[in-house]
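Topology and contacts: notes
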Amino acid sequence: MTIKTPPEIPYLRQGELAVSEKRWSDSLKSFQSAQEANPRSGKVWQGLSVAYHGLGRLEEAWMAAIQAWQLDPDDPDNEANLSDLARELGREGDLVRILAADESPAEVLCEAGEEHVQSGRHMEAFHTFVRALDLDPARARAWSGMGVASFRQGYSNASRAFFEMAVRLDPLDEDFVLNWTETCQPSVSDAEVDASLSSMGVGPQLRSRAVATRAA
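Description of the structure in this document. (Residues numbered from 1 in each chain as written. Predicted model: local features only at pLDDT ≥ 70, side-chain atom pairs only at ≥ 80, totals over all residues. Heavy atoms only, no water.)

Here the focus is helix α13 (residues 204–215). Over its 12 residues, α13 extends 17 Å from the first C-alpha to the last, a length consistent with the 16 Å expected when each residue adds 1.5 Å. Here α13 has its buried residues at Leu206, Arg207, Ala210 and Val211. With its buried residues spanning 135° around the axis, α13 presents them on a single face. Set apart from the buried face of α13 by more than 90 degrees, the exposed residues are Pro204, Gln205 and Ala215. On its buried face, α13 sits against α11 (174–182) and α12 (190–199). (Helix = DSSP H or I, 4+ residues; strand = E, 2+ residues; numbered from the N terminus. Expected span 1.5 Å × (residues − 1). Buried < 20%, exposed > 50% of the residue type's maximum accessible area, 1.4 Å probe, protein only. Arc of directions from axis to C-beta. Contact = heavy atoms within 4.5 Å.)

Membership of the largest hydrophobic core comes to 56 residues, with the highest contact counts inside it found for Leu48, Trp62, Leu82, Trp180 and Leu197. Sort the elements by how many residues they give to this core and helix α4 (residues 58–71) lands first, with 8 residues. Setting aside residues up to four positions removed in sequence, Leu82 forms contacts with Trp62, Ala65, Ile66, Trp69, Leu95, Ile98 and Leu99. (Core = buried A, V, L, I, M, F, W, Y, C linked by side-chain atoms within 4.5 Å.)

So, about the side chain of Arg207. Following the sequence through the fold, Arg207 ends up in helix α13. For Arg207, a relative accessible area of 14% translates into the label buried. What Arg207 contacts, discounting residues up to four positions off in sequence, is Asp194, Leu197, Ser198 and Val202.

Overall, the coordinates contain 2 aromatic pairs when judged by the stated rule. Arranged with centres 5.9 Å apart and planes meeting at 55°, the rings of Phe126 and Phe162 form a pair that is tilted. One end of the pair, Phe126, is in helix α8 (residues 122–135); the other, Phe162, is in helix α10 (residues 156–169), and 36 residues separate them in sequence. In terms of burial, Phe126 and Phe162 fall into one category: buried. (Phe/Tyr/Trp six-rings, centres within 6.5 Å; stacked < 30°, edge-to-face > 60°.)

With that settled, consider the pattern of salt bridges. Applying the stated criterion across every chain, the model contains 15 salt bridges. Residue Glu21 pairs with Arg23 through a salt bridge whose shortest N-O separation is 2.7 Å. Exposure remark for Glu21: the relative accessible area of 44% places this residue in the partly exposed category. The structure contains a network of salt bridges with shared partners spanning Glu107, Glu114, Asp136, Arg139 and Arg141. (Salt bridge = Lys/Arg side-chain N within 4 Å of Asp/Glu carboxyl O.)

This part is about the packing of helix α2 (residues 24–37) against helix α3 (residues 42–54). Put simply, α2 and α3 touch, their axes get as near as 9 Å, and they point 155° apart. Our classification of the angle between α2 and α3 gives roughly antiparallel. The element α2 and its partner α3 pack so that their crossing is left-handed. On the side of α2, the interface is formed by Trp24, Ser27, Leu28, Phe31, Gln32, Ala34 and Gln35, while α3 contributes Val44, Trp45, Gly47, Leu48, Val50, Ala51, Tyr52 and Gly54. (Axes fitted to C-alpha atoms, helices over the stretch in contact; angles between N-to-C directions. Parallel < 35°, antiparallel > 145°, perpendicular 65-115°, else oblique. Left-handed = near helix turned anticlockwise from the far one by under 90°.)

Below, the structure is given as structure tokens:
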């Protein structure tokens, strides 16, 4: 019987060698290749966190460390890495919440993305939601977050597409529906808005509330 080497292993080894030589950009490229090969590996995200930290990209190091811990909480290096970053970033309170949370990695990323939005870090928010979707493509909250981040940066067409994905995945969520409606141009009639929402599975009462917001 032939035992296949996991696809991420060669990239992990390259990344670890680059880390030992403090070639941070090279290490990041290797760990990103490892992530593409296996995004569910805690070791991959651990490596990404180390590489981001070496490059001084602390927010990304923090998020990668969360991912690593969520995927492999039994690895003591993951909790130690999180603790070190929490102290460095002054996020000891966040660390307590994360360690106590019973949430998926994608949900943790969504929460972080929303914090970036609230702080006006819209590009960071967008990339954080993208990482959430890498883990869970059907997470409506991440699609909506991408819509908000895009809208805040003036990309209304892109934001409409992202909000539409969120609505199609969860047509009962009023925020998703109202956000999509807000991106519709004034030239689009109320009847067209209602028809579009109906095609996405939105019920009549929520459609009526969404249309009513256009006149408010």
